[in-house]
Amino acid sequence: MKIVKLLCLAALLSALLSEVGFSLTAEEWLEKGVAAFKAKNYDQAIDCYNRSLELKPDYVVALDNRACVYYNNGNFDAAIRDLLRAIELNARDSYALCLLGDSYRSRFEYDLALKYCNRAIAIKSDQSDYYISRGVVYSWKGESDKALLDYTKAIELDPNSSWAYFDRGVTYQKQSKIPQARQDLLKAVALGHPKAQAELDKMQPTTPPGGTQQKSSKFTAEEWFERGNIAHREANYPRAIECYTNALSLNPNYALAYDNRGNSYKSNGEYDLAIRDLSKAIELNPRDDYAHNRLGLVYAEKGLLEQALQHLDQAIQINPKSEENYLNRGFVHYKRGDKISAIRDYTSAIERKPDYALAYFNRGLAHEDISSNIMAREDLQKAVNLGYSGAQAALNRVAAKPKANPSLTFTLGFREPSGNQMLDREETGYLIVNVRNEGKGEAVNLKPVVTAPNGGKLPSNLTLGAVNAVVVLGPDNTISIPVPITASRRLKTGTIQLEVRLEAEGVSTEAMSVSFKTSGER
């Protein structure tokens, strides 16, 4: 009975120790603090960082993080205290220096704020946020030109910084540079800045007394265009069409607006209107590969596959570097039932963009359709690894298919460069092995094997060149494999007879004889 009580007491003590955290390390308390901060539980975060620092008083990262919580809570004095200690321990702690600048700025001590922001930038000049922090100090000091330089530098370092665009837009607004302000705030909206739309709305003119809302001229054509892009990305296609229409009312020759309105019409299922707009974009700019690309897709959706191919061919001719042009032409070939051409185009897309998940997925489906299941599995696995939705289900389906065997047949020919139908001294000719897989399974690592009759060695005056194995030959597929043969200067006039058989994984064919003339004349 005493033993049971002792065990219960031990368990209770262990739980209590775990509850108060005696079993956690300073690093583990730090991680708990980070998690609490991300959950916006700031009091708990402070408590965790306190426990971390009790165990490790000189833990610079914990000081940095606790200061960040203090700063977010508006306790700038406490933040400054922790940050000064952090840079005392590590004078090159650029994060602490920048946050120290933010903290002093929040106390309106601009000279100290600039001092520490400058030190942070001197240590780490490629950090976009540091320039934003210094830009805000300049802005609060009323030195807007210097602020603009810092925000611009921040954008150069991080083109997706919504805060840099927002702060620069607000600064332009203060300078009464309204077009630049709108452009930056639109970009900040597109990048998801939480306050940018509200700031942008403040700039819009109100309805005049007794009048009606002003027309689209309250924005420039470019601004309507950008708003249309935002609406399209949000899948609000009617709104996108409205914005592009406003842009075109201001600039009737705005080719990109026709491009994008046509694409929005396509996404909204209004194919005839899409064709009208995309055709107009091409009329304005005949080398607009994007318009040809989208027009090809619209025609494909309408089942007009030949017109679709014509436009996608032109898109590739104009811009052969675009992976999307090849992807979409592959899609049209696939719809036409030409799976081999589709695979070729998907391969071209992947060559231009090696992490193109959709191209791997589409090529995997095309391989599956021609019963090339090994290649299908490889492509679909790659699509899975790249995070493509639906790839795992397709991979499972292909993997569940029963394995079938190939059946290989072949014919032989001979080709040489001089045109005299015989192999000359020091000349390289080619055995042409034409292979067909008539089975239901794939031939893997297929390769011709060339020997003298009855499996003997080749004559010493002939040398076979390297032949790469065919990785996979699917059912009902054919391929020609050239085997280079080079003659030495010792070659004599006569006839050479050889035997060729095919080998693949688990498969070997009977040998077939081939002969060709040789010339020993020089």
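Not measured: the values here are computed from a predicted model.

A. Region of interest: the overall build of the chain. Helix and strand counts for the chain stand at 23 helices and 10 strands. Scaling as 2.2 N^0.38, a compact globule of 522 residues should have a C-alpha radius of gyration of about 24 Å, whereas the chain reaches 35 Å, well beyond that. The long-range share in the chain, meaning contacts at least 24 apart out of those at least 6 apart in sequence, stands at 54%. Total accessible area computed for the chain in this model is approximately 27,100 Å², and 50% of it derives from carbon and sulfur atoms. Here the chain contributes 65 positively and 64 negatively charged side chains, and the mean placements of these two sets differ by 1 Å.

B. How the structure looks around unusual backbone geometry. With phi around 55°, Asn-445 is a residue other than glycine that occupies positive phi space. Within the element layout of this structure, Asn-445 appears in strand β4 (residues 443–451). Its identity is not glycine, yet Asp-476 carries a phi of approximately 60°, on the positive side. Counting through the fold element by element, Asp-476 comes out in the loop between β6 (470–473) and β7 (478–487). Take Asp-476: its relative accessible area is 53%, and that puts it in the exposed class.

C. Layout of the confidence of the model for the chain. Averaged over the chain, the pLDDT score is 87; the fraction of residues at 70 or greater is 92%. Confidence drops under a pLDDT of 50 for residues 1–22, and excluding neighbours within four residues, the segment shows six contacts in the predicted structure.

D. Here's a closer look at the pattern of salt bridges. For the structure shown, the criterion picks out 31 salt bridges. Two residues, Glu-242 and Arg-239, come together in a salt bridge whose shortest N-O distance is 3.2 Å. Of this pair, Glu-242 and Arg-239 are both found in helix α14 (residues 237–250), three residues apart, which corresponds to roughly one turn of the helix. Taking the relative accessible area as the measure of exposure, Arg-239 reaches 26% and is therefore partly exposed.

E. Local environment of the packing of aromatic side chains. On inspection of all chains with the given rule, the structure shows nine aromatic pairs. Seen in terms of ring centroids, Phe-414 and Phe-516 are 4.4 Å apart; in terms of plane orientation they differ by 5°. Their pairing is stacked. Highlighted residues: Phe-414 in strand β1 (residues 408–415) and Phe-516 in strand β10 (residues 512–519), separated in sequence by 102 residues. A relative accessible area of 23% places Phe-414 in the partly exposed class. Its relative accessible area of 4% is what places Phe-516 among the buried residues.

F. Summary view of the packing of helix α8 (residues 128–141) against helix α10 (residues 162–174). Remark: α8 packs on α10, axes separated minimally by 11 Å, with the N-to-C direction vectors making an angle of 20°. Here α10 runs roughly parallel to α8, going by the angle between their axes. Here α8 and α10 pass one another in a crossing that is left-handed. Contact residues: Ile-132, Val-136 and Ser-139 in α8; Trp-163, Ala-164, Asp-167, Thr-171 and Lys-174 in α10. Split by residue class, the contact of α8 with α10 holds four nonpolar, two polar and two charged.

Cut-offs applied
- One numbering rule holds for all chains: residues counted from 1, following each sequence as written.
- Restriction of local features to residues with pLDDT of at least 70 applies here, the model being predicted, together with a cutoff of 80 or more for giving and counting side-chain atom pairs; totals for whole chains, interfaces and linings are based on all residues.
- Water and hydrogen atoms play no part in the side-chain values, which are based on all heavy atoms of the structure.
- Working definition: helices are DSSP H or I runs of at least four residues, strands are E runs of at least two. Numbering for both runs from the N terminus.
- We take the radius of gyration over the C-alpha atoms and set the globule estimate at 2.2 Å times the residue count to the 0.38 power.
- Whether two residues are in contact is decided by their heavy atoms, any of which lying within 4.5 Å being enough.
- Per-residue and other accessible areas follow the Shrake-Rupley method at a 1.4 Å probe size, with only the shown protein chains counted as cover for residues.
- In summary, the charge assignment counts Lys and Arg as positive and Asp and Glu as negative, without counting His or the chain termini.
- Here the site of a charge means NZ on Lys, CZ on Arg, CG on Asp, or CD on Glu.
- Only protein chains enter the accessibility calculation, which uses a 1.4 Å probe. A residue is then buried if its area is under 20% of the maximum for its type, exposed if over 50%, and partly exposed in between.
- Values of pLDDT, which run from 0 to 100, indicate the predictor's confidence residue by residue.
- What makes a salt bridge here is a side-chain nitrogen of Lys or Arg within 4 Å of a carboxyl oxygen of Asp or Glu, nothing more.
- Here is the rule: rings of Phe, Tyr and Trp (six-membered ring for Trp) pair when centre to centre is within 6.5 Å. Planes less than 30 degrees apart are stacked, more than 60 are edge-to-face, and the remainder are tilted.
- Geometry is summarised by axes, namely lines fitted to C-alpha atoms with helices restricted to the contacting stretch, and by angles between N-to-C directions that run from 0 to 180 degrees.
- Geometric relationships in this document are graded by angle, where less than 35 degrees denotes roughly parallel, more than 145 denotes roughly antiparallel, 65 to 115 denotes roughly perpendicular, and other angles denote oblique.
- Note on convention: near helix rotated counterclockwise from far helix by under a right angle means a left-handed crossing. Clockwise means right-handed.
- Side-chain classes are defined by residue name, with Ala, Val, Leu, Ile, Met, Phe, Trp, Tyr, Cys and Pro counting as nonpolar, Asp, Glu, Lys and Arg as charged, and the others, Gly among them, as polar.

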